[in-house]
Amino acid sequence: MIDGKKVLFSGMQATGNLTLGNYLGALKNWLTLSDEYECFYSVVDMHSITVRQDPAELRKRARNLLTLYIAAGLDPKKNCIYYQSHVSGHAELAWILNCFTYMGELNRMTQFKDKAAKHADNINAGLFTYPVLMAADILLYQADVVPVGIDQMQHLELTRNLAERFNNIYGNVFTIPEAYIGKVGAKIMSLQDPSKKMSKSDENPNGSIYLMDDPDTILRKCKRAVTDSEGCIRYCDEQPGLKNLIDIYSACTGKTPQETVQEFDGKGYGELKPAVAEAVIGVLKPLQEEYARLSKDKAYIDSVIKENAEKANYYATKTLRKVQRKVGFPDRIR
Ligand code: TRP
């Protein structure tokens, strides 16, 4: 609890270009949660170097992502928006938690297996212990809730296990976090293969709408979206491409899928697709404009980075000192 509010932690990696899926599935949810919770939204750059990065590119992307958080409407006075690497407590707590994590637990992580297969030439220890760093992120701020996608549930489960294990030995140190799974319908699929999630690492750029795509590109991608030969507008699993378009339209306009189906009753895909594009443009245009404005305001973004790193450090250090004391590190002499 901070000032009587429950604490929320989440983070995103600054790798790849964010997609409409990231926005509708995550960022937009973050906004609605920011009144109810004391929120920490991190740009988790320390996680990014588990795969090789170009340094200048990583720095640029990290700043862009941080700017985007704000452009999406997260007020940095209310939400702690900061770089993970600016708070050394993440690494310090991760080390301690590493000593409470079993190899067997990490061996079971499906994301590690996937990533190890994908980066066979660089299966480093950081990639292996990535979930422990993620646990440290969450536990450092005594988070009550963590909005995550399904793909991160296993990591969150590990986090809870580590927290409970630690608490069982040392007494109540960590808050046990709960997952916050966003509303159904917010999961956006690839426009080219609706069985796959819309992803920033998709090789086919037509599968994803990127947050910085211009209106022409958005229209083209929507028109090319894979549908089916049924030709009539229904909301069902047998027409996954169409269902995805309905989900996108609904999420962008605030309508329910049923309302969208009604609106397009008797019409064809040829009418739906440009309407989806228009709805997406309606959401992304103001976001892009705000992003462009903020990007130019170097002093403002710098001040956000500085102030929020201080705030994050304050809370992180509080937990860290407690943990260090529990495991038997000597007190600091002041
Ligand atoms: N691992 C998450 C991802 O790849 C990002 C992340 C890092 C995160 N630390 C976190 C998410 C803590 C939630 C909470 O998407």
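All of these numbers come straight from a predicted model, not from anything done at the bench. (Residues numbered from 1 in each chain as written. Predicted model: local features only at pLDDT ≥ 70, side-chain atom pairs only at ≥ 80, totals over all residues. Heavy atoms only, no water.)

### Describing the site of the ligand
Near the ligand there are 13 residues, and of these Phe9, Tyr130, Met134, Asp137 and Gln152 occur at the shortest range. Interatomic distance of 2.8 Å between a side-chain N/O atom of Tyr130 and a nitrogen atom of the ligand. Looking at the shell around the ligand, the elements that each hand over two or more residues are β1 (7-12) and α7 (125-140). If one sorts the elements of the shell around the ligand by residue count, α7 sits on top with four residues. Grouping the amino acids of the shell around the ligand by side-chain chemistry returns seven nonpolar, five polar and one charged. (Near = heavy atom within 4 Å. Polar contact = N/O pair within 3.5 Å; in protein donor to acceptor, adjacent residues only side chain to side chain. Helix = DSSP H or I, 4+ residues; strand = E, 2+ residues; numbered from the N terminus. Nonpolar A, V, L, I, M, F, W, Y, C, P; charged D, E, K, R; others polar.)

### Describing empty space enclosed by the protein
According to the stated counting rule, one finds one cavity of 30 Å³ or more in the structure shown. Of the volumes computed, that of the largest cavity is approximately 50 Å³. In this structure, the largest cavity is lined by Met109, Gln111, Phe112, Lys115, Leu127, Tyr130, Pro131 and His155. For the lining of the largest cavity, the secondary structure elements donating two or more residues are α6 (110-118) and α7. (1 Å grid on protein atoms, 1.4 Å probe; cavity = no way out; pocket = protein on both sides within 12 Å on 5 of 7 lines; lining within 4 Å. Points joined across faces, edges and corners; volume = space filled by probe spheres on them.)

### Quick notes on the packing of aromatic side chains
Considering all chains together, one arrives at 13 aromatic pairs under this definition. On the numbers, 5.0 Å between centres and 70 degrees between planes, the contact of Phe112 with Phe128 is edge-to-face. With Phe112 in helix α6 and Phe128 in helix α7, the pair connects residues that are 16 residues apart, well separated along the chain. Assigned by exposure class, Phe112 and Phe128 land together as buried. Three or more aromatic residues joined by ring pairs form one cluster here, namely Phe9, Phe40, Tyr82, Tyr141, Tyr314 and Tyr315. (Phe/Tyr/Trp six-rings, centres within 6.5 Å; stacked < 30°, edge-to-face > 60°. Buried < 20%, exposed > 50% of the residue type's maximum accessible area, 1.4 Å probe, protein only.)

### Details of the pattern of salt bridges
The final tally for this structure, using the stated rule, is 19 salt bridges. One salt bridge in this structure joins Arg61 and Glu57, with 3.3 Å as the shortest N-O distance. With Arg61 and Glu57 both in helix α3 (residues 55-71), this residue pair falls four residues apart, about one helical turn. Among the residues examined, Glu57 registers a relative accessible area of 29% and is labelled partly exposed. Residue Asp331 pairs with Arg325 through a salt bridge whose shortest N-O separation is 2.8 Å. (Salt bridge = Lys/Arg side-chain N within 4 Å of Asp/Glu carboxyl O.)

### Remarks on the packing of helix α10 (residues 240-253) against helix α12 (residues 269-296)
At a closest axis distance of 9 Å, the pairing of α10 and α12 adopts a crossing angle of 40 degrees. Viewed along their axes, α10 and α12 form a crossing whose handedness is left-handed. Taken together, the residues of α12 that come into contact with α10 (itself represented by Leu242, Leu245, Ile248, Tyr249, Cys252 and Thr253) are Tyr269, Leu272, Lys273, Ala275, Val276, Ala279, Val280 and Val283. Here the contact of α10 with α12 is built from residues that sort into twelve nonpolar, one polar and one charged. (Axes fitted to C-alpha atoms, helices over the stretch in contact; angles between N-to-C directions. Left-handed = near helix turned anticlockwise from the far one by under 90°. Contact = heavy atoms within 4.5 Å.)

### Digging into the packing of helix α9 (residues 215-223) against α12
When two helices pack together, their arrangement is captured by the angle between the axes and the distance separating the axes. Between α9 and α12, the least distance of the axes is 8 Å, while the angle of their chain directions is 145 degrees. The crossing of α9 and α12 is right-handed. Residues Pro215, Ile218, Leu219, Cys222 and Lys223 of α9 form the contact with α12, whose own contacting residues are Lys273, Pro274, Val276, Ala277, Val280, Ile281 and Leu284. Grouping the amino acids of the contact of α9 with α12 by side-chain chemistry returns ten nonpolar, no polar and two charged.

### Remarks on the environment of Pro194
Within the secondary structure layout, Pro194 lies in the loop between β5 (178-180) and α9. C-alpha of Pro194 to C-alpha of Ala225: the two residues are 31 residues apart in sequence and 9.2 Å apart in space. Residues in contact with Pro194, not counting those within four places in the same chain, are Met189, Pro240 and Gly241.

### Observations regarding the domain arrangement of the protein chain
Parsing the protein chain into structural domains produces domain 1 (6-180 + 298-327) and domain 2 (205-293). The straight-line distance from the C-alpha centre of domain 1 to that of domain 2 is 31 Å. Counting residues at the interface gives twelve residues for domain 1 and 14 residues for domain 2. Buried surface at the junction of domain 1 and domain 2, both sides included, amounts to about 1,100 Å², of which 79% is carbon and sulfur. The tally of links between domain 1 and domain 2 comes to zero salt bridges. The interface formed by domain 1 and domain 2 includes four residue pairs in polar contact (both at pLDDT 80 or more). Broken down by secondary-structure element, the contributors of at least two residues to the side of domain 1 that touches domain 2 are α1 (20-33) and α3. Counted by class, the side of domain 1 that touches domain 2 contains seven nonpolar, four polar and one charged residues. (Domains from an automatic or database assignment. Buried area = accessible area lost by both parts, 1.4 Å probe.)

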